[in-house]
Amino acid sequence: MNPVLQAIESRRSVRRFKPDMVPAELLDQVLQAGTYAATGMGRQSPIILAVTDPKVRDQLSRMCAAIMGSDKDPFYGAPVVLVVLADKSRPTCVYDGSLVMGNLMLAAHSLGLGSCWIHRAKEEFESPEGKALLTSLGIQGEYEGIGHCILGYPEGELPQPAPRKENWIYRI
């Protein structure tokens, strides 16, 4: 089978991670794949925050958990959080950022890493704390949080795929 199709069919969301940090060379490959996602008119509206600092990672975890009304780690112990945001002025910002998320997850899987899309980045980066974080990084403009791509080495086996639903495809 074609390796790209194989990666698409075998990728699963991982929700249990080893504490081991992802090596910089693997993280760089995942990030590079994100930058090659298709974007509306090729405008490349998204940005990626590559969070490996445990303090910032835990801050984002607390923010996300608070939005959920929880005190549990919504990042399932993953040591790396890639936050995808996209320029709100672009009408395709959500779609552009979603394609980046897909590329990040497929690249991670192809390199033996686990990943999962965690929501609530929109609410996080609409908050004063989220906006202050962006400002502290020198990021200017209006960005919408698209998602968190959590990364790390899977703890245990990958989940089995759910059966594909009927009537997914209609040929005309």
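Note: the structure precedes this text.
Description of the structure in this document. A quick note: this is a predicted structure, and the numbers were derived from the prediction, not measured.

### Details of the packing of aromatic side chains
Inspection of every chain in the model, using the stated rule, returns zero aromatic pairs. One residue, Lys-165, lies across the ring of Trp-168, its end atom 4.9 Å from the ring centre.

### A few points about the packing of helix 3 (residues 54-68) against helix 6 (residues 128-136)
Contact pair helix 3 / helix 6: the axes reach a minimum separation of 11 Å and the direction vectors enclose 155 degrees. In terms of orientation, helix 3 and helix 6 fall into the roughly antiparallel class. In this structure, helix 3 meets helix 6 at a crossing whose hand is left-handed. Every residue of helix 6 that contacts helix 3 at Val-56, Gln-59, Leu-60 and Met-63 is listed here: Glu-129, Gly-130 and Leu-133. Here the contact of helix 3 with helix 6 is built from residues that sort into four nonpolar, two polar and one charged.

### Digging into the pattern of salt bridges
This model, assessed by the stated rule, comprises three salt bridges. Notably, a salt bridge pairs Asp-58 with Arg-57, separated by 3.3 Å at the nearest N-O pair. Using a relative accessible area of 34% as the deciding quantity, one classes Asp-58 as partly exposed. Its salt-bridge partner being Asp-73, residue Arg-57 comes within 2.7 Å of it at the nearest N-O pair. One end of the pair, Arg-57, is in helix 3; the other, Asp-73, is in the loop between helix 3 and strand 2 (80-87), with 16 residues separating them in the sequence.

Calculation notes
- Residues numbered from 1 in each chain as written.
- Predicted model: local features only at pLDDT ≥ 70, side-chain atom pairs only at ≥ 80, totals over all residues.
- Heavy atoms only, no water.
- Phe/Tyr/Trp six-rings, centres within 6.5 Å; stacked < 30°, edge-to-face > 60°.
- Lys NZ or Arg CZ within 6 Å of the ring centre and 35° of its normal.
- Axes fitted to C-alpha atoms, helices over the stretch in contact; angles between N-to-C directions.
- Helix = DSSP H or I, 4+ residues; strand = E, 2+ residues; numbered from the N terminus.
- Parallel < 35°, antiparallel > 145°, perpendicular 65-115°, else oblique.
- Left-handed = near helix turned anticlockwise from the far one by under 90°.
- Contact = heavy atoms within 4.5 Å.
- Nonpolar A, V, L, I, M, F, W, Y, C, P; charged D, E, K, R; others polar.
- Salt bridge = Lys/Arg side-chain N within 4 Å of Asp/Glu carboxyl O.
- Buried < 20%, exposed > 50% of the residue type's maximum accessible area, 1.4 Å probe, protein only.

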